[in-house]
Structures are given as C-alpha cells and as structure tokens.
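Here's the letter readout for the chains.
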Amino acid sequence: MEAIISAFFLLIIGASIGSISSAKVINQGSEALVERLGKYRTTLKPGLNFIVPFLDTIVWEETTREQVLDIEPQDAITSDNVSLKADAVVYWQILNMQRAYYTIDDVEKAIETLVLTTLRSEIGQMKLEETYSSRKEINQQLLHQLDEATEAWGVKVTRVEVKDIKPAPKVLQSMEEQRAAEIRKRAAILDAEGTAEYMAKISQALQKQTHGQEVLQFFLAQKYVDANSKLSESPNSKILFMNPAVLNEALAELLKLEKNPSKIQETDDD
C-alpha cells in the first residue's frame, strides 16, 4: 500500500514538473518558433503556450515590433568620380517569423548588406551635386528596392532615410574655392555692367552738349587729380608710374579750363 502511495506521489510530482517545463509565456510584441525533433512545428503567439518537453525546442524568439537599423558611414563613388561617405537609417519589421528564420541566415545582417549595396549603386548613378538635391529620390529608390528584396524573407522595410553625405575634405575645399570663384565672377560681371551703363549715360549726356569734348577732358582730368589725392593720403608707401606726356596733357587741360571757366559755363548753358 505504501508503495502505491509513493508511486502516486511521484506521478503527481512528475506531472507537475512536466507541466511547468512545458508552459512557455511569450511577451506581447514577440513571437517564438518551435521545432520538434529538428523540424519546424509551430509559432508561439504572445501569452501562455504549451510545448512537449524533451521533444519540442524553442529555436528563436524575436520581437515583431518595428526595429531600427543604423547603417554606419560607407564609402561610395559618384558618377563624376567623387569619393564620399554616406550613412542611413532603416526601419523594418518582421511579418512572418517562419520565413524570416528559415529563408535567410541572420536577417538583420542581410538587410544591412542589402542597404549598403543599394545605397552605393544609387549614388554611383548620380553626380555629386545631384546627391544633395535628390536625397528624397534616393530614399524612395532605396525603399522600393529593399521592399521588393525583403518580401521573400517575411520582412517589411517601412522607411529608409539617408542621414548624411560627406565628400572627402579635399573635395569640400575644392567646392568652397569654386563657390568663391563663382561669387567673384558674378561680382566682376555686375561691376562691369554697372561701369558700362555709367559710361553709356555719360556718352549720351555729352552727345547733347556743344562742347562735349572739352567737358569730357575736364571730367577725366578731375577724376585723375582726385584719385591721386586720395592715394597720397594713404599711410602705405607706394610708387606710381605714369606716362609723363599723358600727365602733362591732362594737367594742362585742367589748368586751361580752370583759367577759362567760361568754357565750362557755356557747356552748362547749352
């Protein structure tokens, strides 16, 4: 009788241990894959689940929530042979645990590698300036190609963002020098256009005057004297070279007109 009671208690204890070991709790937002004797059997959903001890094994438990994959800066070359570094961030989610585990080995690593090759390919089809202005298009192309490639893995790529595109330091320096040269060029063009317009107005005004030639000579001589006066006021040492004949002619004309202001008055009256 005592042997029967002991066996009964052992049976109860064994059943209790078996029940405890067979019970598996899966947290909300996660799922788990179960294999029986090395073969896929079922997918455990969130909550309390039971498996057969010693026969069933949980081989993978993973979140089904959206995950973030940060892609480190990688080297790429544009279509105009400019070397740069680009990084990105990928948002992805497991939709089918069975396919994500059995179709591809290390799905996260596979997505990272696919992003790198696709990003380099997209940048390689663009010039450097286009990579800055077409970042939205790059994101869309990456998302489209990744979504197609990962569908067979039971994975959904929900969003791709290229964070930064940085050319090499020498390239950046060259770009800054080019921008500065363009600014100087535009300034020179505007200055030349302003001078041409100014001279055109003077020419039109002189053509209407009877003594236009004398007024022009006086104007040039006066400008020359003013320029030399300002130059002499500068504290810096300087040497000025000029054709003496031209200087004498200009000064003589200026003196002549200053001694005979009636010529200037006649021009103004006209």
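One numbering rule holds for all chains: residues counted from 1, following each sequence as written. Predicted model: local features are reported for residues with pLDDT of at least 70 only, side-chain atom pairs are reported and counted for 80 or more only, and whole-chain, interface and lining totals are derived from all residues. Water and hydrogen atoms were dropped before computing side-chain values, which therefore reflect all heavy atoms in the structure.

**Looking at the overall build of the protein chain**
Then comes step 1: Helix and strand definitions follow DSSP, with helices as H or I runs of at least four residues and strands as E runs of at least two, each counted in order from the N terminus. Broken down by element type, the protein chain carries nine helices and eight strands.
Then comes step 2: Burial analysis of the protein chain (270 residues in total) assigns 26% to the buried set.
Then comes step 3: Accessible surface, the protein chain as shown: approximately 18,400 Å² in total, 55% of it carbon and sulfur. Here's how the labels work: a residue is buried when its accessible area is under 20% of the maximum for its type, exposed when over 50%, partly exposed in between, all with a 1.4 Å probe on protein chains only. Accessibility throughout is a Shrake-Rupley quantity obtained with a 1.4 Å probe, and a residue counts as covered only by protein chains that appear here.

**Details of the pairing of strand β2 (residues 30-36)**
Then comes step 1: Most of β2 is tucked away: six of the seven residues are buried.
Then comes step 2: When DSSP finds two or more bridges between a pair of strands, those strands are recorded as paired. As paired strands, β2 and strand β5 (residues 56-63) are joined by seven bridges and run antiparallel to one another. Within β5, the position partnered with Ala 32 by the bridge is Glu 61.
Then comes step 3: Strand direction decides the pairing type here: β2 and strand β3 (residues 39-44), joined by five bridges, are antiparallel. Paired with Arg 36 across the bridge in β3 is Lys 39.
Then comes step 4: Between β2 and β3, which pair antiparallel and follow one another directly, the connecting turn spans two residues, one of which, Leu 37, has a positive phi of 55°.

**Observations concerning helix α5 (residues 135-150)**
Then comes step 1: Multiplying one less than the number of residues by 1.5 Å gives the expected span of a helix. Compared with an ideal rise of 1.5 Å per residue, which puts 16 residues at 22 Å, α5 spans 22 Å between its outermost C-alpha atoms and is within 8% of the ideal.
Then comes step 2: Those residues of α5 that sit buried are Ile 138, Asn 139, Leu 142, Leu 146 and Thr 150. Relative to the axis of α5, the buried residues are bounded by an arc of 95° and lie together on one face. Opposite the buried face of α5, by more than 90 degrees, sit the exposed residues Lys 136 and Glu 148. Summarising the geometry, the arc corresponds to the directions from the helix axis toward the C-beta atoms.

**Remarks on the pattern of salt bridges**
It is possible for side chains of opposite charge to pair when their charged atoms get near one another.
Then comes step 1: Salt bridges, as used here, are contacts in which a Lys or Arg side-chain nitrogen is within 4 Å of a carboxyl oxygen on Asp or Glu. Following the criterion strictly, the structure yields eight salt bridges and no others.
Then comes step 2: Across the pair Asp 147 and Lys 156 runs a salt bridge whose closest N-O atoms are separated by 3.1 Å.
Then comes step 3: Residues participating in the shared-partner salt-bridge network are Arg 36, Arg 41 and Asp 56.

**Topic: a nonpolar patch on the surface**
Then comes step 1: Together, Val 25, Leu 48 and Phe 50 make up an exposed nonpolar region whose accessible area comes to about 340 Å².
Then comes step 2: For Val 25, the position within the fold is in strand β1 (residues 23-26).
Then comes step 3: Assessed through its relative accessible area of 59%, Val 25 is described here as exposed. Each patch is assembled from residues with relative accessible area greater than 30% and no salt bridge, linking like charges that lie within 9 Å and nonpolar side chains (Val, Leu, Ile, Met, Phe, Trp, Tyr) that lie within 5 Å.

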